[in-house]
Amino acid sequence: MKDTSYPVLVAENITVRYRKGRQHFTALDNVNVRIPHAATVGLVGESGSGKSTLAKAILGLVPITTGRIELLGQDITHLNGRRRRGLGRSIQAVFQDPNTSLNPSFTVGRSLIEPLKAQNMLGDIDVDARVAEVLTAVGMEPDAASRQPRQFSGGQRQRISIARALITNPQVVVCDEAVSALDLSVQAQVLNLLTDLQRERGLSYLFISHDMSVVKHICHEVTVLYRGTIKESGPTQQITTQPADPYTKALLLAAPIADPVVQRQRQRPTSAVPAPSRTSLIS
Ligand SMILES: Nc1ncnc2c1ncn2[C@@H]1O[C@H](COP(=O)(O)OP(=O)(O)OP(=O)(O)O)[C@@H](O)[C@H]1O
Ligand SMILES: [Mg+2]
């Protein structure tokens, strides 16, 4: 039988420091993530914990200070821009705000083919057929290509953003709060779509969310980030039913509750252990 447990993406000992004036700010400190073939790995943590920074580091959008990133067995740590082409088609992203990937003044079709341009793939394939195929795959009509993003609902625009991510036929899709802006019922539909696409195409997801209830629903494994460091990681069932770390317990308790009175009475999750400072002077 084909071994499907091999990792498609490995991020090892990732440290990212941002420069803020005369200081360094450590957004990620020695973080490790491994995404198996056709699996969904959740990345959770409250605002500012470094989730998007890890997504951007993996996508080659922010430089890493130390560490190593391997995609499909190849080291891509220092491949940026043009040098990432070829491998870049194997990893795509869906963000919270569809405007990030769908230019409001472009037709949907024009936005959909941008990743093909960026990866130099326009000459290799029947572009119209590929556009129609990815739109159909996300439950949209192919004629959506000739319309403008504003003619669609938020859920439909997010489906189109997923189609755009699929157009290069990637193995890994980074979903950074991809369903967070959607109403609950639409959120469920888009999560089901992501699950169906995973089954049909063998996709792997890095699924970033601040919402544990969403993560429980879709992720096979979960990594918990707190102020740039990993608190714990493991199978979703284990992390959500027997969390080892007090911070994870607090995050689980913070999963949204339909009753606004109960929701308002809650405290924000914080770690039981005082965190070290994340800033240091540049010498
Ligand atoms: N370009 C940048 N320059 C300096 N600091 C940054 C930069 N981008 C992010 N940061 C800081 O790094 C930390 C981590 O930010 P990041 O966006 O990765 O968090 P996040 O977990 O995605 O948060 P959210 O849930 O709000 O999206 C934050 O304190 C943020 O202010
Ligand atoms: Mg973020």
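Residues numbered from 1 in each chain as written. Chains lettered and ligands numbered in written order. Predicted model: local features only at pLDDT ≥ 70, side-chain atom pairs only at ≥ 80, totals over all residues.

Asker: Sorry, what's going on with the site of ligand 1 here?
Answerer: The local shell around ligand 1 holds 13 residues, among which Tyr-18, Ser-47, Lys-51, Ser-52 and Thr-53 are the closest. Secondary-structure elements contributing two or more residues to the shell around ligand 1 are strand E1 (7-20), strand E2 (23-36) and helix H1 (51-59). With 3 residues, H1 is the single largest residue contributor to the shell around ligand 1. Looking at the shell around ligand 1 residue by residue, the classes come out as 3 nonpolar, 8 polar and 2 charged. (Near = placed C-beta within 6 Å. Helix = DSSP H or I, 4+ residues; strand = E, 2+ residues; numbered from the N terminus. Nonpolar A, V, L, I, M, F, W, Y, C, P; charged D, E, K, R; others polar.)

Asker: Any chance you could explain the sheet that holds E2 here in plain terms?
Answerer: Sheets are built from strands that pair by backbone hydrogen bonding, the pairs being arranged parallel or antiparallel. Reading across the sheet, the 5 strands line up as E5-E4-E1-E2-E11 and stay open at both edges, with antiparallel pairing between neighbours. Only two strands of the sheet have a single partner each, and these edge strands are strand E5 (74-75) and strand E11 (279-281). Pairing geometry for E2 and E11, over 3 bridges, is antiparallel. Bridge pairing in E11 links His-24 to Ser-280. The sheet strands contacting H1 are E1, E2 and strand E4 (66-71), and the helix crosses E1 at an angle near 115 degrees. (Pairing = 2+ DSSP bridges. Contact = placed C-beta atoms within 7 Å. Axes fitted to C-alpha atoms, helices over the stretch in contact; angles between N-to-C directions.)

Asker: How should I be thinking about the packing of helix H5 (residues 154-166) against helix H6 (residues 184-201) in this particular structure?
Answerer: When two helices pack together, you describe them by how their axes are tilted relative to each other and by the distance separating the axes. Their axes nearest at 10 Å, the elements H5 and H6 cross at an angle of 20 degrees. Viewed along their axes, H5 and H6 adopt a mutual orientation that is roughly parallel. As for how H5 packs across H6, the hand of that crossing is right-handed. Side by side, H5 and H6 meet where Gly-154, Gly-155, Gln-158, Arg-159 and Ile-162 of the first sit next to Val-186, Gln-189, Val-190 and Leu-193 of the second. Among the residues forming the contact of H5 with H6, the class breakdown is 4 nonpolar, 4 polar and 1 charged. (Parallel < 35°, antiparallel > 145°, perpendicular 65-115°, else oblique. Left-handed = near helix turned anticlockwise from the far one by under 90°.)

Asker: What am I meant to see in the sheet that holds strand E9 (residues 221-226) here?
Answerer: Sheet architecture is open: 6 strands sit in the order E6-E7-E8-E3-E9-E10, paired in mixed fashion. Strands with a single pairing partner mark the edges of an open sheet, and in this sheet they are strand E6 (91-95) and strand E10 (229-235). Taken over all neighbouring pairs, the strand axes of this sheet differ in orientation by 15 degrees on average, direction set aside. Strand direction decides the pairing type here: E9 and E10, joined by 6 bridges, are antiparallel. Across the sheet, the residue bridging to Glu-221 is Pro-235, located in E10. Contacts between H1 and the sheet are confined to strand E3 (40-44), E6, strand E7 (172-176), strand E8 (204-209) and E9, with E7 contributing the most and set at about 150 degrees to the helix.

Asker: Looking at this model, I keep getting lost on unusual backbone geometry. Mind explaining?
Answerer: Peptide bonds are, in most cases, trans, and in most cases residues other than glycine have a negative phi. Here the phi dihedral of Glu-177 falls at roughly 55 degrees; this positive angle occurs in a residue that is not glycine. Considering the arrangement of structural elements, one finds Glu-177 in the loop between E7 and H6.

Asker: Looking at this structure, I do not really get helix H4 (residues 127-137). What am I missing?
Answerer: Because an α-helix completes one turn every 3.6 residues, residues spaced three or four positions apart along the sequence face the same direction. Listed in full, the buried residues belonging to H4 are Arg-130, Val-131, Val-134 and Leu-135. Relative to the axis of H4, the buried residues are bounded by an arc of 130 degrees and lie together on one face. Opposite the packed face of H4, turned more than 90 degrees from it, sit the exposed residues Asp-128 and Ala-129. Elements that come into contact with the buried residues of H4 comprise helix H2 (108-112) and H5. (Buried ≥ 20, exposed ≤ 12 C-beta atoms within 10 Å, placed from the backbone. Arc of directions from axis to C-beta.)

Asker: Where do I start with the environment of Val-186 in this structure?
Answerer: By the secondary structure assignment, Val-186 is in helix H6. Separated by 32 residues in sequence, Val-186 and Gly-154 place their C-alpha atoms 8.7 Å apart. With residues near it in sequence (within four places) discarded, Val-186 still touches Gly-154 and Gly-155.

Asker: Sorry, what's going on with helix H9 (residues 246-253) here?
Answerer: Buried residues of H9: Tyr-247, Thr-248 and Leu-251, and no others. The arc that holds the buried residues of H9, viewed along the axis, is 100 degrees, so those residues lie on one side. For H9, the secondary structure elements touched by its buried residues are E3, helix H7 (212-218), E9, E10 and helix H8 (236-241).

Asker: Mind showing me how you'd approach the pairing of E7 here?
Answerer: The side chains of a regular strand alternate between both faces of the sheet. Among the 5 residues that make up E7, 5 are buried, leaving the element largely enclosed by the rest of the structure. Two elements, E7 and E8, share 5 bridges in a ladder whose sense is parallel. Residue Val-173 lies in a different strand from E8, and its bridge partner there is Tyr-205. In this region the chain leaves E7, passes through H6 and returns to the parallel neighbour E8; the handedness of that crossover is right-handed. (Right-handed = clockwise from strand over helix to strand, strands pointing away.)

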